[in-house]
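So the chains spell out like this:
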Amino acid sequence: MKRRDMLAGTAGLALAPGLASAQGDYPSRPVQMVVAFPPGGQADIVARPVSAALERLWRQPVPVVNRGGAGGAIGNASVARAQPDGHTLLMALSSLAMLPEADRLNGRTPSYTVDQLAPIALITADPTVLVVKADAPWRTLEEFVEDAKRRPGAITYSSAGNYSTLHVAMAMFAGAAGIDMLHVPFQGGGPAMTALLSGTVQALSSGPGPALSQVRDGKLRALAQWGATRAPGFETVPTFIEKGFRDVEFYIWAGVFAPAATPAPIQDRLRAALRQAVRDDALKTALGAAGSPIDFREGAAFETFFREDSARLVRAVQRIGKID
């Protein structure tokens, strides 16, 4: 699959008033990059260097707007309902497709649907990492699982919210290992990490970006990772697959979306801008240092990735079931 494939234009798309004239000089004003979580999580870590690279390219401000709540649903829905003129974008995580399914599962009307958002480009796709405090009693995954089996429900873990990427990854592991842990949801990956560092909880499935510096500083210990292969910066940390958990594979990706009705010419300009932005040396350095190397895909390549990954994650949400 070629990563440079371009999404076919949607000829004949009816434009909302004012959009036709806006296409010629896009972007004509600041472009908001919405992150549906508080600062410090994976989406925020990716969004900030991407926004800075776009600012250098466009010579327009691209502020990152943290609009957290409801596990990411509030920020996602705000972009789904935004004016489709390319001036409001979303740096989404893989939870994007899971949250509407979770609402339906629990008898709620989703605040947005996936078809209200157009996939523009994937920026990163990294396996999550199981981390505990450096002074925790478990030095290996085997010790962690053994203790969890001996004390059902005693080990606590944080997440970015019910049905968030960090929750689903841990639920996937718990189901495969046959263990029961206590889930403590927070309003984003940043607060979830703070809860672990403060000792409020004992474990976390973290994006590699937020975890790497804490592991390097000796504050956290990584026990396992969800990828098919070991991620950069975590070369000494085994994967769950290596440890015999063949179905425990999960990636936290970050990608740019726009309102679905955004005209095709503007979507094409966004893809072209992001294609150029990921070549920016400062962006590559920032994401590399954060343990989230660029995995750029656009157009048909990103659409296929998003569709296949979403189907797998929706099935995982359905396995978790209803949460009272």
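Preceding this paragraph is the structure being described.
Every chain's residues receive numbers from 1 upward, in the order its sequence appears when written. For this predicted model, a pLDDT threshold of at least 70 governs which residues receive local features, and a threshold of 80 or more governs which side-chain atom pairs are given and counted, while totals over whole chains, interfaces and linings are taken from all residues. In computing side-chain values, all of the structure's heavy atoms are included and hydrogens and water are not.

Draft legend 1. Region of the structure containing the overall build of the chain. Runs of H or I in DSSP of at least four residues are treated as helices and runs of E of at least two as strands, each being numbered from the N terminus. Helix and strand counts for the chain stand at 11 helices and 11 strands. Throughout, radius of gyration means the C-alpha value; the globule benchmark is 2.2 Å times the number of residues raised to the power 0.38. In summary, the chain has a C-alpha radius of gyration of 20 Å against a globular reference of 20 Å for 324 residues, a match within 12%. Along the three orthogonal principal directions, the C-alpha set of the chain runs to about 65 × 45 × 35 Å. Buried residues in the chain amount to 57% of all 324 residues. Throughout, a contact is declared for two residues whenever any of their heavy atoms are within 4.5 Å. A fraction of 78% describes how many contacts in the chain between residues 6 or more apart in sequence connect residues 24 or more apart. About 13,000 Å² of surface is accessible on the chain, with carbon and sulfur atoms providing 52% of the total. Positive and negative charge centroids in the chain, built from 33 and 29 side chains respectively, lie 1 Å apart. Summary of the burial criterion: residues with accessible area below 20% of their type's maximum are buried, those above 50% are exposed, and those between are partly exposed, where the area comes from a 1.4 Å probe applied to protein chains only. Surface accessibility in these figures is a Shrake-Rupley result with a 1.4 Å probe; residues are shielded only by whichever protein chains are displayed. Only four residue types enter the tally: Lys and Arg on the positive side, Asp and Glu on the negative side, with His and both chain ends excluded. Taken as the charge centre is NZ of Lys, CZ of Arg, CG of Asp or CD of Glu, depending on the residue.

Draft legend 2. Just the sheet that holds strand 2 (residues 64-66), in detail. Pairing between two strands requires that DSSP report at least two bridges joining them. Taken together, the 6 strands give an open sheet; going across it, the order is 2-1-3-10-4-11, and neighbouring strands pair in mixed fashion. Looking at the sheet topology across the chains shown, the edges are occupied by strand 2 and strand 11 (297-298). For every element, the axis is a line fit to its C-alpha atoms; helices are fit only across the contacting stretch, and the angle between N-to-C directions ranges from 0 to 180 degrees. On the sheet, helix 9 (residues 264-277) packs against strand 3 (88-93), strand 4 (117-127), strand 10 (251-259) and strand 11 and is oriented at approximately 25° with respect to strand 4.

Draft legend 3. Structural context of helix 8 (residues 208-216). Among all positions of helix 8, only Pro 208, Gly 209, Pro 210, Ala 211, Leu 212 and Gln 214 are buried. Following helix 8 by one or two positions, Gly 218 has its phi on the positive side, about 80°.

Draft legend 4. Region of interest: unusual backbone geometry. Along the chain, Tyr 26 connects to Pro 27 via a cis peptide bond; the corresponding omega equals -10°. Even without being a glycine, Ala 70 presents a positive backbone phi close to 55°. On the secondary structure map, Ala 70 appears in the loop between strand 2 and helix 3 (73-80).

Draft legend 5. Summary view of the environment of Ile 323. Structurally, the position occupied by Ile 323 is in the segment after helix 11 (299-320). Residues Ile 323 and Asn 162, 161 residues apart in the sequence, show an inter-C-alpha distance of 8.1 Å.

Draft legend 6. Region of interest: the nonpolar core. As used here, the term nonpolar core means buried Ala, Val, Leu, Ile, Met, Phe, Trp, Tyr and Cys residues forming a set that is joined through side-chain atoms within 4.5 Å. Phe 144 and Phe 173 are the most contacted members of the largest nonpolar core, which totals 51 residues. With 7 residues, helix 6 (residues 165-177) is the single largest residue contributor to this core. When neighbours within four sequence positions are excluded, Phe 144 is seen to be in contact with Val 132, Trp 138, Ile 155, Phe 173, Ile 179, Met 181, Ala 203 and Leu 223. In terms of nonpolar packing, the next biggest core, distinct from the first, is built from 50 residues, Met 193, Ala 195, Leu 204 and Leu 287 among them.

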